[in-house]
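# Structure assessment
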Amino acid sequence: MPPPRESHVTTTTGDAGVSAPYGVTNSSSSSSPPHHRSNNSSSDSTLDVPIADGEKTSPTDSASSSDTEPEVEPVRVASRRTIPDANHYGPTTEKDPELELERSPSAATTIDFPEGGVTGWLVVFGSFCAMLSLYGLINSAAVFESYFSTHQLKDNSPSEIGWIFSLYLFIVFFVGVQVGPIFDRYGARLIVAVGCLLITLSLLLLSWCTEYYQIILTYSVMGGLGGALLNCPAYGSIAHFFNVRRGFATGIASTAGGIGGVIFPIVLRELLPTIGFNWSSRVLALIMLGLAIPANLFIKTRLPPAKGEKVQSVWPDFSVFKDARFACAALGVFFMEWGLFVPLTYIVSYAVDHGQDATESYLLLSYLNAGSVLGRVLPGILADKIGRFNVIIITIAICLITGLALWLPAGHSNSMLIAYAVLFGFGSGSNIGLVPVCLGQLCDHRKFGRLFSTAMMVASFGTLSSVPIGGALLSGSGWTAVILFSSISYAVALAFYTATRVLAVGWNPLTVF
């Protein structure tokens with residue numbers, strides 16, 4: 001007897017146009033088999049389940065075929081997804097979804113996200129503190145670069161000094177490849193504790209450094225390792241508590257980088273001329289120690305790993321690049337990082353070379369990071385409504401346009417530099433905040449740690465090379481070449497993110513994605 005022909009049940013509710021990360025649904029009632037779903041479901045997405053002939057083929061058909069079940073009213077289709085296999089990165093229909101639901105409580109279709117609550121928002125606050133430690137320092141790199149180039153390392157070339165910051169960023173993202181799967185399996189507690197300790201110690205030891213190799217070992221290596229341990233848990237823990245509002249929650253937490261980039265340059269502007277570099281570094285170390293307390297108390301995970309899985313490999317999972325969408329998105333991150341850290345590192349030195357006072361030039365970095373704070377919140381809210389990829393494409397275009405229209409012709413114009421700093425900060429802040437949620441939209445949330453880290457591994461080679469390339473261009477060809485290098489990098493990133501969107505949903509600009 002031939003096997004029964006398969007048809008499909010489609011159940012839909014929720015807000016039209018809201019796209020959850022690939023493989024994640026938001027149903028609070030989806031743990032029931034699809035043919036027992038009632039009309040009080042609060043599902044936020046669509047479930048496609050193959051069933052055999054003779055069973056009900058739609059909610060309305062099921063209501064008419066049984067006197068014991070209430071009538072189910074037709075509802076508007078928000079999105080349509082097939083159930084993902086937890087061990088794959090794309091959809092599959094090889095397993096019986098109803099059987100999987102019964103034996104795997106962690107299956108994507110059974111997960112209900114709190115979307116807030118006291119615990120959820122405390123996790124966001126803990127992530128905020130961790131990101132303030134990590135990205136606050138990254139966004140203040142121009143202050144350190146300007147100070148090193150005129151004090152401890154005045155005899156070193158701009159390219160050599162650039163390696164200090166590029167190596168720091170490379171370690172943050174590359175070592176994150178190993179951190180991701182450990183976080184997925186064991187949670188955040190020990191990882192966050194060690195990360196906070198290393199960042200605090202790196203700044204404390206930096207206060208005694210006078211030689212190039214000493215600064216490399218403390219600031220770049222030790223600080224980079226601490227940042228790598230904080231980066232993945234800070235983003236990944238939010239994904240355990242938020243789905244529909246993930247863009248907003250991640251945007252709130254990632255404002256920490258911009259806030260730190262505003263506060264730390266102002267603090268250093270006041271401290272460096274009065275108490276010197278040594279004690280200024282120790283004050284920063286004390287601030288990091290204070291931020292470590294809420295980060296360790298509140299960052300946590302909620303969802304179990306995929307059932308029956310052992311610890312995933314700590315090496316990059318290159319099989320994910322078989323998905324052309326993910327590959328294009330990861331390359332987009334690479335070129336975005338290539339363009340991003342050139343202005344973040346050199347904008348203060350640019351102002352000094354064009355006649356501004358060195359100490360006053362630190363304020364440019366504060367303006368840039370103030371724009372970044374707005375860029376991390378407002379586009380995050382908008383992204384949950386009109387699509388995360390749609391918004392990041394717009395903000396990458398802002399970075400490209402401002403570089404060519406404002407920074408390139410700025411010269412000695414302080415007003416143009418301030419305008420560039422604010423607008424570029426807005427665009428780049430949004431880019432940083434939206435990258436994790438955009439990548440999460442292309443993969444199963446239970447694989448997020450490892451896949452996010454794999455993408456960041458690709459990006460790490462961009463951060464490793466971008467600042468030294470900028471320094472070499474500065475020494476050989478001047479500021480015009482540096483600005484064009486950053487702008488062209490953003491143009492390529494824009495092309496890759498656009499390609500990802502086209503591969504996923506086509507050319508229609510009105511499609512929410």
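Residues numbered from 1 in each chain as written. Predicted model: local features only at pLDDT ≥ 70, side-chain atom pairs only at ≥ 80, totals over all residues. Heavy atoms only, no water.

This next bit is on the overall build of the chain. The number of helices and strands found in the chain is 15 helices and two strands. Burial analysis of the chain (513 residues in total) assigns 60% to the buried set. Per element, the accessible surface of the chain, about 19700 Å² overall, is 65% carbon and sulfur. (Helix = DSSP H or I, 4+ residues; strand = E, 2+ residues; numbered from the N terminus. Buried < 20%, exposed > 50% of the residue type's maximum accessible area, 1.4 Å probe, protein only. Areas by Shrake-Rupley, 256 points an atom, 1.4 Å probe, with all protein chains shown as cover.)

Moving on, we come to helix α5 (residues 158–174). Spanning 17 residues, α5 covers 24 Å between terminal C-alpha atoms, matching the ideal 24 Å at 1.5 Å per step. Along its length, α5 shows its largest kink, about 25 degrees, at Ile 164. The buried fraction of α5 amounts to twelve of the 17 residues, a majority that puts the element mostly inside the structure. Within α5, burial applies to Ser 159, Ile 161, Gly 162, Ile 164, Phe 165, Ser 166, Tyr 168, Leu 169, Phe 170, Ile 171, Val 172 and Phe 173. (Expected span 1.5 Å × (residues − 1). Bend = angle between axes of the 7 residues up to and from the residue.)

For the rest of this paragraph, the subject is the packing of aromatic side chains. This structure, assessed with the given rule, holds 26 aromatic pairs. Summarising the aromatic geometry, the rings of Phe 170 and Phe 461 are spaced 5.3 Å apart at their centres and angled 70 degrees between planes, so their arrangement reads as edge-to-face. Of this pair, Phe 170 sits in helix α5 while Phe 461 sits in helix α14 (residues 448–476); the two residues are 291 residues apart in sequence, bridging distant segments of the chain. According to the relative accessible area criterion, Phe 170 is buried, its value standing at 15%. Relative accessible area serves as the criterion here: at 39%, Phe 461 is assigned to the partly exposed category. Ring geometry for Phe 321 and Phe 326: centres 6.1 Å apart, planes at 65 degrees, overall edge-to-face. Phe 321 gets classed as partly exposed once you look at its relative accessible area, which sits at 23%. (Phe/Tyr/Trp six-rings, centres within 6.5 Å; stacked < 30°, edge-to-face > 60°.)

So, on to the pattern of salt bridges. If you walk through the whole model with that rule in mind, you get two salt bridges. The residue Asp 323 makes a salt bridge to Arg 325 at a minimum N-O spacing of 2.9 Å. On the accessibility criterion, Asp 323 (18% relative accessible area) is buried. (Salt bridge = Lys/Arg side-chain N within 4 Å of Asp/Glu carboxyl O.)

Looking now at the side chain of Ser 166. Relative to the helices and strands, Ser 166 is located in helix α5. Given the relative accessible area of 0%, Ser 166 is considered buried. In terms of polar contacts, Ser 166 uses its side chain to reach the backbone carbonyl oxygen of Leu 464, at 3.1 Å. The contacts of Ser 166, once residues within four sequence positions are left out, are Thr 463, Leu 464, Val 467 and Pro 468. (Polar contact = N/O pair within 3.5 Å; in protein donor to acceptor, adjacent residues only side chain to side chain. Contact = heavy atoms within 4.5 Å.)

A few words now on the nonpolar core. Formed by 126 residues in total, the largest nonpolar core has its most connected members in Phe 144, Phe 148, Leu 206, Tyr 219 and Val 435. Top contributing element to this core by residue count: helix α10 (residues 324–353), with 17 residues. Once you skip the residues sitting within four places of it in the chain, Phe 148 turns out to touch Leu 153, Lys 154, Ile 164, Phe 165, Leu 206, Ile 215 and Phe 277. (Core = buried A, V, L, I, M, F, W, Y, C linked by side-chain atoms within 4.5 Å.)

This paragraph deals with the packing of helix α7 (residues 189–206) against helix α8 (residues 212–236). When two helices pack together, their arrangement is captured by the angle between the axes and the distance separating the axes. For the pair α7 and α8, the least separation of the axes is 8 Å and the interaxial angle reads 155 degrees. Relative to α8, the element α7 is oriented roughly antiparallel. The chirality of how α7 crosses α8 is left-handed. Together, Ile 191, Val 192, Val 194, Gly 195, Cys 196, Leu 198, Ile 199, Leu 201, Ser 202, Leu 205 and Leu 206 of α7 and Ile 215, Thr 218, Tyr 219, Met 222, Gly 223, Leu 225, Gly 226, Gly 227, Leu 229, Leu 230 and Pro 233 of α8 make up the contact between the two elements. (Axes fitted to C-alpha atoms, helices over the stretch in contact; angles between N-to-C directions. Parallel < 35°, antiparallel > 145°, perpendicular 65-115°, else oblique. Left-handed = near helix turned anticlockwise from the far one by under 90°.)

This brings us to the environment of Ala 141. Tracing the backbone through its elements, the reader meets Ala 141 in helix α4 (residues 141–150). Once you skip the residues sitting within four places of it in the chain, Ala 141 turns out to touch Phe 165 and Tyr 219.

Right, let's talk about a nonpolar patch on the surface for a bit. A surface patch of nonpolar side chains, about 460 Å² in accessible area, is lined by Leu 197, Leu 201, Leu 204, Leu 205 and Trp 208. Given a relative accessible area of 54%, Trp 208 falls into the exposed group. (Patch = residues over 30% accessible without salt bridge, like charges linked within 9 Å, V, L, I, M, F, W, Y side chains within 5 Å.)

Let us look at the confidence of the model for the chain. Confidence in the prediction for the chain averages 76 pLDDT; 75% of positions are at 70 or higher. Here residues 1–110 is modelled with pLDDT under 50, and outside its nearest four sequence neighbours on either side it reaches 210 contacts, counting other chains as well. (pLDDT = per-residue confidence, 0-100.)

Another aspect to go through is the packing of α4 against α10. At a minimum axis separation of 7 Å, α4 and α10 run at an interaxial angle of 50 degrees. When the interaxial angle is binned, α4 and α10 end up oblique. As for how α4 packs across α10, the hand of that crossing is right-handed. Counted together, Ala 142, Glu 145 and Ser 146 of α4 and Leu 344, Thr 345, Tyr 346, Val 348 and Ser 349 of α10 form the full contact between these two elements. Partitioned by chemical class, the residues of the contact of α4 with α10 number four nonpolar, three polar and one charged. (Nonpolar A, V, L, I, M, F, W, Y, C, P; charged D, E, K, R; others polar.)

Once that is clear, we can look at the environment of Leu 374. Here Leu 374 lies in helix α11 (residues 358–386). The spatial distance from the C-alpha of Leu 374 to the C-alpha of Gly 425 is 8.6 Å, given a sequence separation of 51 residues. In contact with Leu 374, other than residues within four places in its own chain, are Pro 379 and Phe 426.

All right, on to the environment of Thr 274 then. One can find Thr 274 in helix α9 (residues 246–298). By relative accessible area, Thr 274 is classed as exposed at 60%. For Thr 274, the side chain forms a polar contact with the main-chain oxygen of Glu 270, separated by 3.0 Å. A distance of 3.0 Å separates a polar side-chain atom of Thr 274 from the backbone oxygen of Leu 271.

Let us now look at the side chain of Ser 487. Looking at where Ser 487 falls in the secondary structure, it is placed in helix α15 (residues 479–505). With relative accessibility at 4%, the residue Ser 487 sits in the buried group. With near-sequence residues (within four places) excluded, Ser 487 lies in contact with Leu 400, Gly 403 and Leu 404.

Here α7 spans 26 Å end to end across 18 residues, near enough to the 26 Å set by a 1.5 Å rise per residue. Listed as buried for α7 are Ile 191, Val 192, Gly 195, Cys 196, Leu 198, Ile 199, Thr 200, Ser 202, Leu 203 and Leu 206. Where α7 is buried, its residues touch α3 (117–138), α4, α6 (176–186), α8 and α9.

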